[in-house]
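The chain contents come next:
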Amino acid sequence: MNIAPNLAVTRPTEAVLLAKWAQNVKRSQLQEILFAAAKPGIISFAMGLPDPELFPVKGLIRASRQVLASDSLALQYGPPFQPLKSRIVELMAKRKVVCREEQIFITTGAQQGMNLLARLLLEPGGQVLTEEMIYTGFQQVIEPYAPRVLSVPTDVRAGIDVAVVASLLARGACPAFIYAISSGHNPLAVSLTEAKRLQLVELARQYRIPIIEDDPYGFLNYGDEALPPLRAYDDQWVFYVGSFSKILTPALRVGWLVVPESLVPKLSVVKEASDIDTNTFTQRLISRFLEQEDIDLHLSMLRREYRARRDAMAQALREHFPAAAKWESPDHGVFFWVDLPYKVDTLALLDSALEKERVAFIPGQAFGVEPSNRATNCMRLNFSHSNPSLIREGIARVGKLVKEVLNRI
Ligand SMILES: Cc1ncc(COP(=O)(O)O)c(C=O)c1O
């Protein structure tokens, strides 16, 4: 075959020529820490991991035996499992979301859900509106598009500054979507008030800009009443992203979207290019589990356990961290966000925490999208993975280090 001379590319001899966006891609700080934190003997407050002791293993064994024994398609390629969609509609109703099976799109975890939505909505170089401190997995999703990120102030008490969102949109910003975590924010742990939920949804409607609502922690609420997600207030402009990772187990790799029905055929095309199907077996396994086990009982056990861990961490922070440390006790999710005096560099602190005290956390700067606000004095602490006595021990060790640093400077 003859190749026309103008199609010839000069390729380097010694290295593979990567696509432009991939040339500067590095393992995220989070991935490095995950690697270090996974070493034996480390008390890890780093990742947002559920506690494996709380996985509903017996129910999953029962359901998986039955699925394997009775369903010859369970190990085959296959279309989305329709009964699981019905179970998800029922689950969403518990959060006061009214939706239909036709609006459910099953994904390989929430992460893939966001990825597919970004592929459908975002042009290379397009705009994305998000908070200045945000989940690193979302940052990775949008990175290949080299987007213009319109970042909005946010904080641990109030969450996204909706007035700034309104003013950006009024001044002509035209993002492909707004990314929001309404309950149990990662990393800030804050949940939006009802007023903010309504305002954000109203802006999405007014400017016809979709909100990608990432909600893996919405079912993990610790107060008496949990507010419904944004999707409960609008079925056209809110694209909901849900997950079984934190409420069953992450290894099943099943999540879902609730989107306008018209989007589903397009999502199917981009999903097929990505991984053909969501795991056929685990879709059936979850569906069977939800049919025959008591999910409400399981969720209330998780809430009770995680609430006790949250309280243990709050108590340990009060006892062992300096009085100048600021944090709020979260009403959803699995994280504390701790703000230390400005002089404390939490990335440097992490080195000694891992080396000397065998404890891991995530330094605030992993989450910043703005070079001017890197939260270098902040840390994210997970409370779902360790039991209360490990939490007390680990927080005492980190607190000791923080106090040593403050005494030195
Ligand atoms: C905010 C947020 N979104 C999405 C995900 C990914 O969830 P999944 O395991 O369903 O892909 C996580 C995981 O920790 C998360 O914290």
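Further up the page is the structure itself.
Sequence order as written defines residue numbering, which begins from 1 separately in each chain. It should be noted that, the model being predicted, local features are given only for residues of pLDDT at least 70 and side-chain atom pairs only at 80 or more, the latter also being counted only at that level, while totals for whole chains, interfaces and linings use all residues. Water and hydrogen atoms were dropped before computing side-chain values, which therefore reflect all heavy atoms in the structure.

Participant: Describe the overall build of the protein chain, with residues and values.
Facilitator: For the protein chain, the helix and strand inventory stands at 13 helices and twelve strands. Here the C-alpha atoms of the protein chain give a radius of gyration of 22 Å, agreeing with the 22 Å that 2.2 N^0.38 yields for 409 residues. Here the C-alpha coordinates of the protein chain stretch approximately 65 × 60 × 50 Å along the principal axes. For every residue, the accessible area (1.4 Å probe, protein chains only) is compared with the maximum for its type, and the residue is labelled buried under 20%, exposed over 50%, or partly exposed between those bounds. Counting all 409 residues of the protein chain, 53% fall into the buried class. A separation threshold of at least 6 residues defines the contact pool for the protein chain, and within that pool the share at least 24 residues apart is 76%. Accessible surface for the protein chain amounts to roughly 19000 Å². Of this, 53% is attributable to carbon and sulfur atoms. By the criteria applied, helices consist of DSSP H or I runs no shorter than four residues and strands consist of E runs no shorter than two, each listed in order from the N terminus. In this setup the radius of gyration rests on C-alpha atoms only. A globule is expected at 2.2 Å times the number of residues raised to 0.38. Residues count as neighbours in contact if any of their non-hydrogen atoms are within 4.5 Å of one another. Here the accessible surface of atoms and residues is derived via Shrake-Rupley with a 1.4 Å probe, and residues count as covered only by protein chains that are part of the display.

Participant: I'd like a description of the packing of aromatic side chains, backed by residues and values.
Facilitator: Centres within 6.5 Å are what make two rings of Phe, Tyr or Trp a pair, Trp counting through its six-membered ring; a difference in plane orientation under 30 degrees is then read as stacked, over 60 as edge-to-face, and the rest as tilted. In this structure the tally under the stated criterion is eight aromatic pairs. Centroid distance Phe138 to Phe177: 6.1 Å. Interplanar angle 75°. Geometry classified as edge-to-face. Residue Phe138 is found in helix α6 (residues 136–142), and its partner Phe177 is found in the loop between α7 (162–170) and β5 (178–180); the two are separated by 39 residues along the sequence. For the pair Phe138 and Phe177, a shared accessibility class is recorded, and that class is buried. Seen in terms of ring centroids, Trp337 and Phe367 are 6.0 Å apart; in terms of plane orientation they differ by 75°. Their pairing is edge-to-face. Of the two residues, Trp337 sits in strand β9 (residues 335–339) while Phe367 sits in the loop between β11 (362–363) and β12 (378–382), which places them 30 residues apart along the sequence. Taking relative accessible area as the criterion, Phe367 reaches 0% and is therefore assigned buried. Grouping aromatic residues by their ring pairs yields a cluster made of Tyr222, Trp327, Phe336 and Phe383.

Participant: Lay out the site of the ligand in plain terms, naming residues and giving numbers.
Facilitator: The environment of the ligand is made up of 14 residues, and the closest members are Ala110, Asp214, Tyr217, Ser243 and Ser245. Ala110 places a polar main-chain atom, nitrogen or oxygen, 2.7 Å from an oxygen atom of the ligand. Nitrogen and oxygen atoms within 3.5 Å of one another constitute a polar contact, given that in protein one can donate a hydrogen and the other can accept it, and given that sequence-neighbouring residues count only through two side-chain atoms. Contact between the ligand and Asp214: a nitrogen atom at 2.6 Å from a side-chain N or O atom of the residue. Contact with the protein chains covers 91% of the free accessible surface of the ligand, which is 400 Å². Per-element tally for the shell around the ligand: the top contributor is helix α5 (residues 109–121), with four residues. Working definition: residue near molecule or strand if any one of its non-hydrogen atoms lies within 4 Å of it.

Participant: Pulling in residues and values, what's your account of the sheet that holds β11?
Facilitator: An order of β9-β12-β11 is seen for the three strands of this open sheet, with the pairing classed as antiparallel. At either margin of the open sheet sits one strand with a lone partner, and together these are β9 and β11. Whether two strands pair comes down to DSSP finding at least two bridges between them. Note: β9 against β12, five bridges, orientation antiparallel. Bridge pairing in β12 links Phe335 to Asn382.

Participant: So what about the pattern of salt bridges? Which residues, and what values?
Facilitator: Proximity of charged atoms lets side chains of opposite charge pair with each other. Whenever Lys or Arg places a side-chain nitrogen within 4 Å of a carboxyl oxygen from Asp or Glu, that contact is recorded as a salt bridge. Evaluated as defined, the whole model comprises 18 salt bridges. With a shortest N-O distance of 2.9 Å, Lys271 and Asp275 are connected by a salt bridge. Residue Lys271 and its partner Asp275 are both found in helix α9 (residues 264–275); the two are separated by four residues, about one turn of the helix. Ionic pairing is found between Lys400 and Glu357, a salt bridge with its closest N-O pair at 2.8 Å. Residue Lys400 is located in helix α13 (residues 388–408), and its partner Glu357 is located in helix α12 (residues 346–357); the two are separated by 43 residues in the primary sequence.

Participant: Give me the lowdown on helix α4 (residues 82–94), citing residues and values where you can.
Facilitator: Quick reminder: α-helices carry 3.6 residues per turn. Residues three or four places apart thus point the same way. For α4, with 13 residues, the first-to-last C-alpha span of 19 Å sits near the 18 Å given by 1.5 Å per residue. The inward-facing, buried residues of α4 abut β2 (104–107), β7 (238–243), β8 (255–258), α10 (280–292) and α11 (295–320). Note on α4: the residue one or two positions beyond its end, Lys96, has a positive phi of about 65°. Multiplying 1.5 Å by the residue count of a helix minus one yields the expected span of that helix.

Participant: Provide a residue-level description of the environment of Gln127, including the pertinent values.
Facilitator: Here Gln127 lies in strand β3 (residues 127–131). Each C-alpha atom, one on Gln127 and one on Cys174, is 6.7 Å from the other, the two residues being 47 residues apart in sequence. Once residues lying within four places of it in the same chain are set aside, the contact partners of Gln127 are Leu122, Arg148, Leu150, Ala173, Cys174, Pro175, Ala176 and Phe177. Within the structure, Gln127 has its side chain in polar contact with the backbone nitrogen of Cys174 (distance 2.8 Å).

Participant: Please provide a residue-by-residue account of the pairing of β7, values included.
Facilitator: The buried fraction of β7 is high, at six of six residues. Residues Val238, Tyr240 and Gly242 of β7 are buried on one face, and the alternating residues Phe239, Val241 and Ser243, pointing to the opposite face, are buried as well. Summarising the sheet, strand β6 (residues 211–214) and β7 pair through four bridges and their orientation is parallel. Bridge pairing links Asp214 to Val241 in β7.

Participant: So what about the packing of α5 against α9? Which residues, and what values?
Facilitator: It is the contact of α5 with α9, at a shortest axis distance of 10 Å, that shows an interaxial angle of 120°. By crossing handedness, the relation of α5 to α9 is classed as right-handed. Where α5 approaches α9, its residues Gln112, Leu116, Leu117, Arg119 and Leu120 are matched on the opposing element by Lys266, Leu267, Val270, Lys271, Ala273, Ser274 and Asp275. When its residues are assigned to classes, the contact of α5 with α9 shows six nonpolar, two polar and four charged. Fitted lines through C-alpha atoms give the axes, limited to the stretch in contact for helices. The angle between two N-to-C directions lies from 0 to 180 degrees. For a crossing to be left-handed, the near helix must be turned anticlockwise from the far one by less than a right angle; the clockwise case is right-handed. Charged residues are taken to be Asp, Glu, Lys and Arg, nonpolar residues to be Ala, Val, Leu, Ile, Met, Phe, Trp, Tyr, Cys and Pro, and polar residues to be all remaining types, Gly included.

Participant: Quick rundown of the side chain of Thr130? Include the residues and the values.
Facilitator: Inspection of the secondary structure assignment puts Thr130 in strand β3. Dropping the residues within four chain positions of it, Thr130 is found in contact with Phe138, Val149, Leu150, Ser151, Val152 and Tyr179.

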